[in-house]
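One letter stands for each residue in the lines below.
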Amino acid sequence: MSEHTTPTPGTAQPHATDPGSAHRHAVVIVASTRAAAGQAEDTTGPVLVAWLRDRGFAVPDAVVVADGEPVRDALLAALTSHPRVIVTTGGTGLSPTDHTPEMTEPLLERRLPGLVHALAARGAESTPTAVLSRGAAGTVGRTFVVNLPGSTGGVRDGIAVLDPILDHLCGQLEGRHEH
């Protein structure tokens, strides 16, 4: 598949950067109908962008889209640039418009259920309702994709889980097998 075509769900994608390259690109997608319409401020995207930049990733400002199919479209668009990491925030709850996992899961080639459980467990330490979050996590080619809740607390909990494993995870996806 060409580097410039839209990824097909379940099909591994080549990456523009060489395995082990020092340059790592990431994308943050915010699923919020109100923020996309300018009716609310996005408070989670900037937190994730700053965290990823601090980790050495090249990250543009967060992409803010409405809940539902616009999330899928943003994921597909992000995948065309072959980032190492895509983090979504929002749309993981049970409200009628929360469909981020449904937009993400068909694109994943390999799922990371242990990571999803760890995210829920970390959130439940301070917020019992965190176990209701339905986020997904997995890989598309050499891109790691994870859904986090749309609250700043949920994002902070997600960062706490991801921070100690992110380099190892990216290293494995790049073909490095350090332990």
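Residues numbered from 1 in each chain as written. Predicted model: local features only at pLDDT ≥ 70, side-chain atom pairs only at ≥ 80, totals over all residues. Heavy atoms only, no water.

## Side note on helix α6 (residues 152-162)
Moving on, step 1. Every buried residue of α6 is accounted for by Gly154, Val155, Asp157, Gly158, Ile159, Val161 and Leu162.
Moving on, step 2. Contact partners of the buried residues in α6: α2 (45-54), β4 (85-89), α5 (113-124), β7 (143-148) and α7 (166-173). (Buried < 20%, exposed > 50% of the residue type's maximum accessible area, 1.4 Å probe, protein only. Helix = DSSP H or I, 4+ residues; strand = E, 2+ residues; numbered from the N terminus. Contact = heavy atoms within 4.5 Å.)

## Quick look at the pairing of strand β1 (residues 24-31)
Moving on, step 1. Burial of β1 is extensive: eight of the eight residues sit out of reach of the surface.
Moving on, step 2. In β1, alternate side chains face the same way, and those of Arg24, Ala26, Val28 and Val30 on one face and His25, Val27, Ile29 and Ala31 on the other are all buried.
Moving on, step 3. Alignment of β1 against strand β2 (residues 57-58), held across two bridges, turns out to be parallel. Bridge assignment links Arg24 to a residue of β2, and that residue is Phe57.
Moving on, step 4. Sheet analysis places β1 next to β4, joined by five bridges and oriented parallel. Directly across from Ile29, in β4, lies its bridge partner Thr88. (Pairing = 2+ DSSP bridges.)

## Brief notes about the pattern of salt bridges
Moving on, step 1. Applying the stated criterion across every chain yields a total of ten salt bridges.
Moving on, step 2. Measuring nitrogen to oxygen at the nearest pair gives 3.3 Å for the salt bridge that ties Arg53 to Asp61.
Moving on, step 3. Salt-bridge contacts for Glu174 lead to Arg84; the nearest nitrogen and oxygen are separated by 3.0 Å. Of this pair, Glu174 sits in the segment after α7 while Arg84 sits in the loop between α3 (69-79) and β4; the two residues are 90 residues apart in sequence, bridging distant segments of the chain. (Salt bridge = Lys/Arg side-chain N within 4 Å of Asp/Glu carboxyl O.)

## Some points on the nonpolar core
Moving on, step 1. Grouped together as the largest cluster of nonpolar side chains are 25 residues, with contacts concentrated most on Leu48, Leu52, Phe57, Val85, Phe144, Val146 and Leu166.
Moving on, step 2. Elements that contribute at least two residues to this core include exactly β1, α2, β4, α5, β7, α6 and α7.
Moving on, step 3. Beyond its immediate sequence surroundings of up to four residues, Val146 is in contact with Ile86, Val87, Thr88, Leu119, Ala136, Ala137 and Leu162.
Moving on, step 4. Core analysis: the next-biggest nonpolar cluster, separate from the first, contains 17 residues, Val71, Ala78, Leu108 and Ala136 among them. (Core = buried A, V, L, I, M, F, W, Y, C linked by side-chain atoms within 4.5 Å.)

## Here's the deal with the side chain of Thr100
Moving on, step 1. The topology assignment puts Thr100 in helix α4 (residues 100-104).
Moving on, step 2. Residue class for Thr100 comes out buried when judged on its relative accessible area of 0%.
Moving on, step 3. Only 2.9 Å separates the side chain of Thr100 from the backbone oxygen of Gly90, close enough to count as a polar contact. (Polar contact = N/O pair within 3.5 Å; in protein donor to acceptor, adjacent residues only side chain to side chain.)

## Here's the deal with the confidence of the model for the protein
Moving on, step 1. Within the protein, residue pLDDT values average 89, and 87% of them lie at 70 or more.
Moving on, step 2. Overall, residues 1-22 carries pLDDT values under 50, and its contacts beyond four positions in sequence, including any with other chains, amount to 46 contacts. (pLDDT = per-residue confidence, 0-100.)

## Some points on α2
Within an α-helix, residues lying three or four positions from one another point in the same direction, as the helix has 3.6 residues per turn.
Moving on, step 1. If you check which residues of α2 are buried, you get Gly45, Leu48, Val49, Trp51 and Leu52. All buried residues of α2 lie within an arc of 165° about the axis, which places them on one face of the element.
Moving on, step 2. At the exit of α2 stands Gly56, carrying a positive phi of roughly 95°. (Arc of directions from axis to C-beta.)

## Focus: unusual backbone geometry
Moving on, step 1. With a phi close to 55°, His82 is a non-glycine residue in the positive phi region.
Moving on, step 2. Take His82: it is sitting in the loop between α3 and β4.
Moving on, step 3. Among the residues examined, His82 registers a relative accessible area of 6% and is labelled buried.

## Quick look at the packing of α2 against α6
Moving on, step 1. It is the contact of α2 with α6, at a shortest axis distance of 10 Å, that shows an interaxial angle of 20°. Taken together, the axes of α2 and α6 are roughly parallel relative to one another. Helix-helix and strand crossings are classified by hand; for α2 and α6 the assignment is right-handed. Note on element contacts: α6 touches α2 through Val155, Ile159 and Leu162, opposite Val47, Leu48 and Trp51.
Moving on, step 2. Residue classes in the contact of α2 with α6 are distributed as six nonpolar, no polar and no charged. (Axes fitted to C-alpha atoms, helices over the stretch in contact; angles between N-to-C directions. Parallel < 35°, antiparallel > 145°, perpendicular 65-115°, else oblique. Left-handed = near helix turned anticlockwise from the far one by under 90°. Nonpolar A, V, L, I, M, F, W, Y, C, P; charged D, E, K, R; others polar.)

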